[in-house]
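Spelled out from the first residue to the last, the chains are:
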Amino acid sequence: GAVVSQHPSRVICKSGTSVKIECRSLDFQATTMFWYRQFPKKSLMLMATSNEGSKATYEQGVEKDKFLINHASLTLSTLTVTSAHPEDSSFYICSVPSGGEKLFFGSGTQLSVL
Amino acid sequence: GENVEQHPSTLSVQEGDSAVIKCTYSDSASNYFPWYKQELGKRPQLIIDIRSNVGEKKDQRIAVTLNKTAKHFSLHITETQPEDSAVYFCAASGGYSTLTFGKGTMLLVSP
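In this text the structure is predicted, and so the values were computed from the model without any measurement. Position numbers for residues count from 1 along each chain, tracking the sequence in the order it is written. Each chain gets a letter, beginning with A, and each ligand a number, beginning with 1, in the order they are written. With the structure being a predicted model, the display of local features is reserved for residues of pLDDT at least 70 and the display and counting of side-chain atom pairs for 80 or more, all residues being used for whole-chain, interface and lining totals. Here the side-chain values reflect all heavy atoms present in the structure, with hydrogen atoms and water set aside.

### Looking at the interface of chain A and chain B
With 18 residues of chain A in contact, the opposing surface of chain B contributes 20 residues. Salt bridges are identified by distance alone: a Lys or Arg side-chain nitrogen within 4 Å of an Asp or Glu carboxyl oxygen. Scanning the region where chain A abuts chain B turns up one salt bridge. Contacts described as polar in this section are N or O atom pairs within 3.5 Å, which, within protein, must combine one atom able to donate a hydrogen with one able to accept it, while residues neighboring in sequence count only if both atoms come from side chains. The interface formed by chain A and chain B contains six residue pairs in polar contact (both at pLDDT 80 or more). For this scheme, ten residues count as nonpolar: Ala, Val, Leu, Ile, Met, Phe, Trp, Tyr, Cys and Pro. Four count as charged, namely Asp, Glu, Lys and Arg, and the remainder, Gly too, count as polar. Across the side of chain A that touches chain B, the residue classes break down as nine nonpolar, six polar and three charged. In what follows, a contact means two residues having at least one pair of non-hydrogen atoms within 4.5 Å.

### A short note on the side chain of Ser77(A)
All names here are of chain A. Under the DSSP-based scheme used, a helix requires at least four consecutive residues in state H or I and a strand at least two consecutive residues in state E, with every element numbered from the N terminus. Note on placement: Ser77 falls in strand S8 (residues 76-81). Residue exposure (1.4 Å probe, protein chains only): buried if accessible area is under 20% of the type maximum, exposed if over 50%, otherwise partly exposed. By relative accessible area, Ser77 is classed as buried at 0%. For Ser77, the side chain forms a polar contact with the side chain of Ser50, separated by 2.9 Å. Setting aside its immediate chain neighbours within four residues, Ser77 contacts Ile21, Glu22, Cys23, Met33, Trp35, Ser50, Ile69, Asn70 and His71.

### Some thoughts on the confidence of the model for chain B
Scored from 0 to 100, pLDDT records how confident the predictor is in each individual residue. Mean pLDDT for chain B: 93, with 97% of residues reaching 70 or above. Of all the helices and strands in chain B, strand S10 (residues 100-101) of chain B carries the lowest mean pLDDT, 91, while strand S8 (residues 72-77) of chain B carries the highest, 98.

### Some details on the side chain of Gln6(A)
All names here are of chain A. Here Gln6 shows up in strand S1 (residues 4-7). Reaching out from Gln6, the side chain makes a polar contact with the backbone nitrogen of Cys94 at a distance of 3.1 Å. What Gln6 contacts, discounting residues up to four positions off in sequence, is Ile21, Glu22, Cys23, Trp35, Tyr92, Ile93, Cys94, Gly106, Ser107, Gly108 and Thr109.

### Remarks on the environment of Asp27(B)
Residues and elements named next belong to chain B. Structurally, Asp27 can be placed in the loop between strand S3 (19-25) and strand S4 (32-38). The exposure class assigned to Asp27 is partly exposed, which follows from its relative accessible area of 29%. For the pair Asp27 and Thr100, spaced 73 residues apart in the sequence, the C-alpha separation amounts to 11 Å. Here Ala29 takes part through its backbone nitrogen, which lies 2.9 Å from a polar atom of the side chain of Asp27.

### Quick notes on the state of the cysteines
Disulfides are defined as cysteine sulfur pairs within 2.5 Å. Under the defined criterion, the tally for this structure stands at two disulfides over all chains. Disulfide pairing places Cys23(A) opposite Cys94(A) at an S-S distance of 2.0 Å. The chirality of the disulfide connecting Cys23(A) with Cys94(A) is right-handed, given an S-S dihedral of about 80 degrees. With Cys23(A) in strand S3 (residues 19-25) and Cys94(A) in strand S9 (residues 90-97), this residue pair connects regions lying 71 residues apart in the sequence. Per residue, the accessibility class of Cys23(A) equals that of Cys94(A), and both read buried. Bridging Cys23(B) to Cys90(B), the disulfide has an S-S length of 1.9 Å. Where Cys23(B) bonds to Cys90(B) through sulfur, the torsion about that S-S bond is close to -100 degrees, and the disulfide is left-handed. Taken together, the residues span a long stretch of sequence, with Cys23(B) in strand S3 and Cys90(B) in strand S9 (residues 86-92) at a distance of 67 residues. You'll find Cys23(B) and Cys90(B) in the same group, each marked buried. In this structure Cys13(A) is a free cysteine whose sulfur lies 19 Å from that of Cys94(A), the closest cysteine sulfur available.

### Some points on the pattern of salt bridges
Under the defined criterion, the tally for this structure stands at six salt bridges over all chains. We note a salt bridge from Arg24(A) to Glu22(A), for which the minimum N-O separation is 3.4 Å. Note on Arg24(A): relative accessible area 34%, which makes it partly exposed. A salt bridge links Arg61(B) to Asp84(B); the shortest N-O distance between them is 2.9 Å. Note that Arg61(B) is positioned in the loop between strand S6 (56-59) and strand S7 (62-67) and Asp84(B) in the loop between S8 and S9, a separation of 23 residues in sequence.

Dropping the structure here:
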């Protein structure tokens with residue numbers, strides 16, 4: 001399956017700062033990547049679909065200006081949490097579709113906003 | 001849209017026992033049903049999947065069954081081992097990678 005690298009694995013930041021999370025597909029060119037959010041002991045909630053060369057598609061209820069997504073190349077998508085607040089603290093994880101419908105996940109980023 | 005229900009939310013078994021996790025889905029157009037295993041703080045790992053043209057699939061101790069008519073699919077783990085302890089998610093997809101996940105089942109296998 002696809003090898004997906006996500007950085008950083010953990011970040012602690014002050015309220016009001018912005019945090020950028022990178023998702024790289026190391027062995028597969030991905031025109032689409034997915035960003036999920038996961039609360040403790042909860043399921044994966046799709047936030048947005050990142051599209052190479054065009055705007056991301058956001059799920060209902062996800063603030064576009066809060067969670068900026070950029071898919072600048074076929075191997076890199078970034079999620080920027082702008083003006084982070086404690087309620088944004090969560091586990092963020094990206095995924096890359098490979099082999100049709102199979103999804104392969106990055107290692108996730110645990111964001112803690114103080 | 002698709003809605004996936006997963007049961008039970010927690011499951012405790014003794015080592016060597018079998019474990020069964022069940023899911024139902026709502027969209028009859030869904031045709032791809034993967035199962036993921038997620039250990040604490042780690043990424044979900046695809047462990048087995050099934051497509052709608054197949055009723056059952058097995059990979060060593062893991063098997064998945066699908067009943068399209070009833071819109072049910074289940075994960076079966078036999079001869080469970082402590083390292084099987086994790087959270088398991090089912091998912092359903094009716095289109096290109098638009099997976100909808102169940103809420104997860106925490107499986108605890110006691111030695």
